[in-house]
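# Survey of secondary and tertiary structure
As a plain string of letters, each chain reads:
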Amino acid sequence: MADAYFSLLSLILVLPLTLLIFLYFIVRPRPVRVPIKNRHVFITGGSSGIGLALAHQCAQQGADVTLLARNVSKLEEAKEAIKLATGRDVRIFSADVREYENIVKVVEEVGEIDVLVCNHGVYVPQELESQELEEIRFMIDVNLMGTFHLIKAALPGMKKNRAERGPGSIAIMSSQAGQVGIYGYTAYSASKFGLRGMAEALQQEIIADNIHISLIFPPDTETPGFVEENKRRPQLTSIIAASSGAMKADEVAKKSIDGIKSGTFIVPCNFEGFLLSVATAGLCPQRSFLMAFVEVVTSPILRIAGLCFQWNWYGSIEKWYAQKKQCKNTLLQYLVAFDGFTSSDLAFFCEGHVGVGVVTRDHTGSIVAVCSKLVDGRFSPEDAEGLALREDLRLLKTCGLRLAATECDALRGQKIK
Ligand SMILES: NC(=O)C1=CN([C@@H]2O[C@H](COP(=O)(O)OP(=O)(O)OC[C@H]3O[C@@H](n4cnc5c(N)ncnc54)[C@H](OP(=O)(O)O)[C@@H]3O)[C@@H](O)[C@H]2O)C=CC1
Ligand SMILES: CCCCCCCCCCCCCCCC(=O)[C@@H](N)CO
């Protein structure tokens, strides 16, 4: 009895405690604090979205901020907004991170950098098969090569007098799509996973120089870039990405700065991101023995959670393709006649999109008006049919035939195909 009691006690108390003590001594690199007040923070992509939010908050916290992006007027706007909000002057530079010589020039001009934030990034989601090679190259060049260019240009200056200047930091903006591959992000995920490989190797190379890397992994974030992305993002990409909630740029910036200041290597931004970081810890450096403890203890359960996510994602993909196959290129057509005009009302279902349109011809058969639109969302052919009838009147109104259409008052729809 006493024996059983003792083994239970050891299991519950002694084992975890021993593990904690063990981890306390072995975690590497050792914990560090990287201050940002009165230090030079250089932020790429600082004229928009997450980068701009970062610039605001760094300036608020008393850092000397420099921004780099391509578009000069956006940079100037950012400079003014930050001056207005914080009273601090920021320096701005226009350059493309793809052009190494220009980056070298800028870096020489700005002087010693304490915290280098490689936040610039582009994302054009599409299935690999239909994506142009040029777009794939664009993402790899800006996101991955651009970051190489920056770090390579800045590193010599960052190393200089580091002992007197205190710890330095290189923060790299990845994405949750850089921790797990996501449908529609083949090129983007590759560019963001690439950053992780680079960061893990580079941390070993620069630890002796007291420079510390933070890799930041945001989920979908409300930014101007994200608004653009959403106009063309495949539906499945959005469905899968919705597994992690969306954030505001300010919230991501706050998490990033906290991560930089505590020298954290993997910086998640929301709860799902935290789970994802623990589940994909791999062999990455870990300074916190408590986090290391969480990683060790939760690894089997998080692997199960990860498998459940994959089960769910593959389920969505299967469902989506089954629906697409069933509905591919369904064309429904109605004939609506009024006052000598024939309006043929089309609803088509193609590639997961529903389109509704109206082609109106006069008595000679010449087309006098065409009106159509794509309606996004998940529809079946039946939905398309209903939608076509509902939209018919509305669409006719937008053609020059408003009166005729309303006067014919009934949509005597006749399905001809
Ligand atoms: N928004 C989101 O959902 C998420 C974003 N991320 C990552 O966060 C980072 C910022 O994203 P977000 O704020 O949404 O992006 P935005 O599109 O809003 O801003 C991008 C910034 O990068 C600059 N930039 C783009 N290309 C270059 C280039 N070739 N050279 C120099 N600067 C460039 C842009 O300025 P300009 O065009 O004038 O050069 C702009 O300042 C990116 O790395 C992105 O991958 C990660 C996860 C989610
Ligand atoms: C084991 C537990 C797992 C926990 C949940 C996993 C959820 C993963 C969702 C990934 C979403 C990726 C969004 C990328 C956004 C992005 O980068 C674009 N908007 C372009 O910038």
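Residues numbered from 1 in each chain as written. Chains lettered and ligands numbered in written order. Predicted model: local features only at pLDDT ≥ 70, side-chain atom pairs only at ≥ 80, totals over all residues. Heavy atoms only, no water.

## Focus on the overall build of the protein chain
- Regarding its fold elements, the protein chain presents 14 helices and 14 strands.
- Counting across all 417 residues of the protein chain, residues that qualify as buried make up 47%.
- Partitioning the contacts of the protein chain with sequence separation of at least 6, the portion at a separation of at least 24 is 68%.
- Looking at the protein chain as shown, the accessible area adds up to about 21300 Å², and 60% of this sits on carbon and sulfur atoms. (Helix = DSSP H or I, 4+ residues; strand = E, 2+ residues; numbered from the N terminus. Buried < 20%, exposed > 50% of the residue type's maximum accessible area, 1.4 Å probe, protein only. Contact = heavy atoms within 4.5 Å. Areas by Shrake-Rupley, 256 points an atom, 1.4 Å probe, with all protein chains shown as cover.)

## Section: the side chain of S169
- Within the secondary structure, S169 is located in strand β5 (residues 168-173).
- Since its relative accessible area comes to 1%, S169 is described here as buried.
- There is a polar contact of 3.4 Å between the side chain of S169 and the backbone oxygen of H212.
- Beyond its immediate chain neighbours, meaning those up to four positions away, S169 contacts V34, D114, V115, L116, M158, I211, H212 and I260. (Polar contact = N/O pair within 3.5 Å; in protein donor to acceptor, adjacent residues only side chain to side chain.)

## Focus: the site of ligand 1
- The full set close to ligand 1 counts 32 residues, and S47, S48, R70, Y123 and T223 are the nearest of them.
- Note that an oxygen atom of ligand 1 is positioned 2.6 Å from one of the side-chain N or O atoms of T223.
- For ligand 1, whose unbound accessible area comes to 890 Å², protein coverage reaches 94%.
- At the level of secondary structure, the elements contributing two or more residues to the shell around ligand 1 comprise α2 (49-60), α7 (186-206) and α8 (224-230). (Near = heavy atom within 4 Å.)

## Describing a nonpolar patch on the surface
- The grouping of Y5, L8, L9, L11, I12, L13, V14 and L15 at the surface amounts to a nonpolar patch, some 830 Å² of accessible area in total.
- If you trace the backbone, V14 turns up in helix α1 (residues 2-26). (Patch = residues over 30% accessible without salt bridge, like charges linked within 9 Å, V, L, I, M, F, W, Y side chains within 5 Å. Salt bridge = Lys/Arg side-chain N within 4 Å of Asp/Glu carboxyl O.)

## Quick word on the sheet that holds strand β2 (residues 64-69)
- Strand order in the open sheet formed by seven strands is β3-β2-β1-β4-β5-β6-β9, and the pairing between neighbours is parallel. Two strands lie at the open edges of the sheet, namely β3 (91-94) and β9 (266-268), each paired on one side alone. For this sheet, the mean angle separating the axes of adjacent strands, direction not counted, is 20°.
- Across the face of the sheet, helix α3 (residues 72-86) comes into contact with β2 and β3 while running at roughly 170° to β3.
- Packing against the sheet, helix α10 (residues 249-261) makes contact with β4 (115-118), β5, β6 (211-217) and β9, and its axis sits at approximately 155° to β9. (Pairing = 2+ DSSP bridges. Axes fitted to C-alpha atoms, helices over the stretch in contact; angles between N-to-C directions.)

## Some thoughts on the UniProt feature "transmembrane region" (unreviewed entry) in the protein chain
- The positions that UniProt labels "transmembrane region" (unreviewed entry) are, in the present scheme, residues 6-27.
- Within the segment residues 6-27, helix and strand shares are 95% and 0% respectively, and the terminal C-alpha atoms sit 30 Å apart. (UniProt positions renumbered as here; feature names shortened; annotations may be inferred.)

## Some words on the packing of α2 against α10
- With their axes 8 Å apart at the nearest point, α2 and α10 run at an angle of 60° to one another. When the axis of α2 is compared with that of α10, the two are oblique. With respect to the hand of their crossing, α2 and α10 are arranged in right-handed fashion. Seen from α2, the contacting residues are G49, I50, A53, L54, Q57 and C58; seen from α10, they are A249, D250, V252, A253, K254, S256 and I257. (Parallel < 35°, antiparallel > 145°, perpendicular 65-115°, else oblique. Left-handed = near helix turned anticlockwise from the far one by under 90°.)

## What to know about the nonpolar core
- With 51 residues, the main nonpolar core has L116, I151, I170 and I172 as its most contacted residues.
- Broken down by secondary-structure element, the contributors of at least two residues to this core are α4 (100-110), β4, α5 (133-159), β5, α7, β6, α9 (235-241) and α12 (289-327).
- In terms of residues, this core owes the most to one element, α5, which gives 10 residues.
- Contact partners of I151, with chain neighbours within four places excluded, come to L116, C118, I170, I172, M198 and L202.
- In terms of nonpolar packing, the next biggest core, distinct from the first, is built from 32 residues, I36, A59, L67 and V115 among them. (Core = buried A, V, L, I, M, F, W, Y, C linked by side-chain atoms within 4.5 Å.)

## Regarding the environment of E127
- Of note, E127 is situated in the loop between β4 and α5.
- Exposure remark for E127: the relative accessible area of 27% places this residue in the partly exposed category.
- Among all residues touching E127, those that are not within four sequence positions of it are Y183, G184 and P234.

## Considering the packing of aromatic side chains
- On inspection of all chains with the given rule, the structure shows six aromatic pairs.
- Pairing Y24 with F25 gives two aromatic rings, centres 5.3 Å apart and planes at 85°, and the pair type is edge-to-face.
- On the basis of relative accessible area, Y24 is assigned to the partly exposed category, the value being 41%.
- According to the relative accessible area criterion, F25 is exposed, its value standing at 55%.
- Seen from their ring centres, Y24 and F289 are 5.0 Å apart, and the 85° between their planes marks the pair as edge-to-face. On the criterion of sequence distance, the pair formed by Y24 in helix α1 and F289 in helix α12 is long-range, its members being 265 residues apart.
- For F289, a relative accessible area of 27% corresponds to the partly exposed category.
- Through successive ring pairs, a cluster of aromatic residues spans Y24, F25 and F289. (Phe/Tyr/Trp six-rings, centres within 6.5 Å; stacked < 30°, edge-to-face > 60°.)

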